[in-house]
Amino acid sequence: MNVLRRNSMGLMAWLAGIVFFLPIAWMALTSLHSEADAATNPPSFAASLTLDGYREFFGAGGGASPWPALINSTVASLASTLLVLLLAFPAAYALSINRVRKWTDVLFFFLSTKMLPVVAGLLPIYLFAKNAGMLDNIWLLVILYTSMNLPIAVWMMQSFLAEIPVAVIEAAKVDGARLPTVLARVVAPISLPGIAATALICFIFSWNELLFARVLTGVVAETAPVFLTSFITSQGLFLAKVCAASLVISLPVLAAGFAAQDKLVQGLSLGAVK
């Protein structure tokens, strides 16, 4: 009975993995077709393969180069993730180990900031950025992505740090270690899987963000998702090129997730309720 249950669970896991993988495989196959073949209904699986979609994405046909947008997304995602970790780590320490008064109310406040619809704050932020002369500025996106990801980062890291034995920290304090030393040499190494999981999720959220980047940027600070939308037009065929662009833009996130998958699983299980 146990063997049958394990086999059925394994089969269900494989089926779920195939279901989630099929859209990516479909997108990759469509990106290798010509625009005429990609637009056929039903799709033609036996159509000839070509790299024209990727050539057009990289500007071979005289279009705009994607590298400035990719660089902007990299800068905004990495800088905001680093700032989030620097701010969320001591905050999570104060809410999990060296708890402040009414720490549960503080956590609820962080969670409540995520309940506000993003579009509700779009107009005030746009007016502020316009009056401050920060429209089409990549550092405005860094600040916005940091503020958007900070609540979820504090929530995640608080659950991770709550699993650290207090005796280890108390032993370091007895040896004369001050708070910065405790955070850097004791707490951080132990909670490294949780930090990695938090960093990966914040990076993904920042990389995929479109609404603020679409409204607040123009040419100088254009990000990769905004550049992707430029291929969608009201005339002509664009499906193969959009699929090629989507696959290329997704590669950094997929590569980061694959490289940090062990830390991600370990970090998420570290904060699980036992």
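Residue positions within a chain follow its written sequence, with the count starting from 1. The predicted nature of this model means local features are confined to residues of pLDDT at least 70 and side-chain atom pairs, given and counted, to a pLDDT of 80 or more, with totals for whole chains, interfaces and linings taken over all residues. Processing note: side-chain calculations cover all non-hydrogen atoms of the structure and skip hydrogens and water entirely.

Caption draft 1: Highlighting the packing of helix 10 (residues 192–208) against helix 13 (residues 239–259). Helix axes are fitted to C-alpha atoms over the stretch in contact, other axes to C-alpha atoms as well, and angles between N-to-C directions run from 0 to 180 degrees. Secondary structure counts use DSSP, requiring at least four H or I residues in a row for a helix and at least two E residues in a row for a strand, with both numbered from the N terminus. Between helix 10 and helix 13, whose axes approach to 10 Å, the crossing angle comes to 175°. Taken together, the axes of helix 10 and helix 13 lie roughly antiparallel to each other. For the pair helix 10 and helix 13, the contacting residues are Leu200, Phe203, Ile204, Trp207 and Asn208 in the first and Ile249, Pro252, Val253, Ala256 and Gly257 in the second. What sets the label is the angle itself: under 35 degrees gives roughly parallel, over 145 gives roughly antiparallel, 65 to 115 gives roughly perpendicular, and the rest give oblique. The criterion used for residue contact is that any of the two residues' heavy atoms lie within 4.5 Å.

Caption draft 2: Geometry of the pattern of salt bridges. We define a salt bridge as a contact between a side-chain nitrogen of Lys or Arg and a carboxyl oxygen of Asp or Glu at a distance within 4 Å. Applying the stated criterion across every chain yields a total of 2 salt bridges. Two residues, aspartate 52 and arginine 55, come together in a salt bridge whose shortest N-O distance is 2.8 Å. One end of the pair is aspartate 52 and the other is arginine 55, both in helix 3 (residues 52–57) and 3 residues apart, which spans about a single turn. The cut-offs for exposure are 20% and 50% of the maximum accessible area for each residue type, with area from a 1.4 Å probe on protein chains only; residues under the lower value are buried, those over the upper are exposed, and the others partly exposed. Overall, the relative accessible area of 45% leaves arginine 55 in the partly exposed class. Here lysine 241 makes a salt bridge to glutamate 56, at a shortest N to O gap of 3.4 Å.

Caption draft 3: Structural view of the packing of aromatic side chains. Between 30 and 60 degrees the pair is tilted, below 30 it is stacked and above 60 it is edge-to-face, where a pair is any two Phe, Tyr or Trp rings, Trp via its six-membered ring, whose centres lie within 6.5 Å. Applying the stated criterion across every chain, the model contains 6 aromatic pairs. Look at phenylalanine 57 and phenylalanine 231: their rings are 6.0 Å apart centre to centre, the planes differ by 55°, and that puts the pair in the tilted class. Here phenylalanine 231 lies in the loop between helix 12 (224–229) and helix 13 and phenylalanine 57 lies in helix 3, a separation of 174 residues in the sequence. Accessibility assignment for this pair places phenylalanine 57 and phenylalanine 231 in one class, buried. Measuring from centroid to centroid gives 5.3 Å for phenylalanine 227 and phenylalanine 231, while their planes differ by 85°, and the two rings are edge-to-face.

Caption draft 4: Summary view of the confidence of the model for the chain. When pLDDT is averaged across the chain, the result is 84; 92% of the residues are at 70 or more. Mean pLDDT across the elements of the chain ranges from a minimum in helix 14 (residues 261–270), with 59, to a maximum in helix 11 (residues 211–216), with 93. Per residue, pLDDT captures the predictor's confidence, and it can take any value from 0 to 100.

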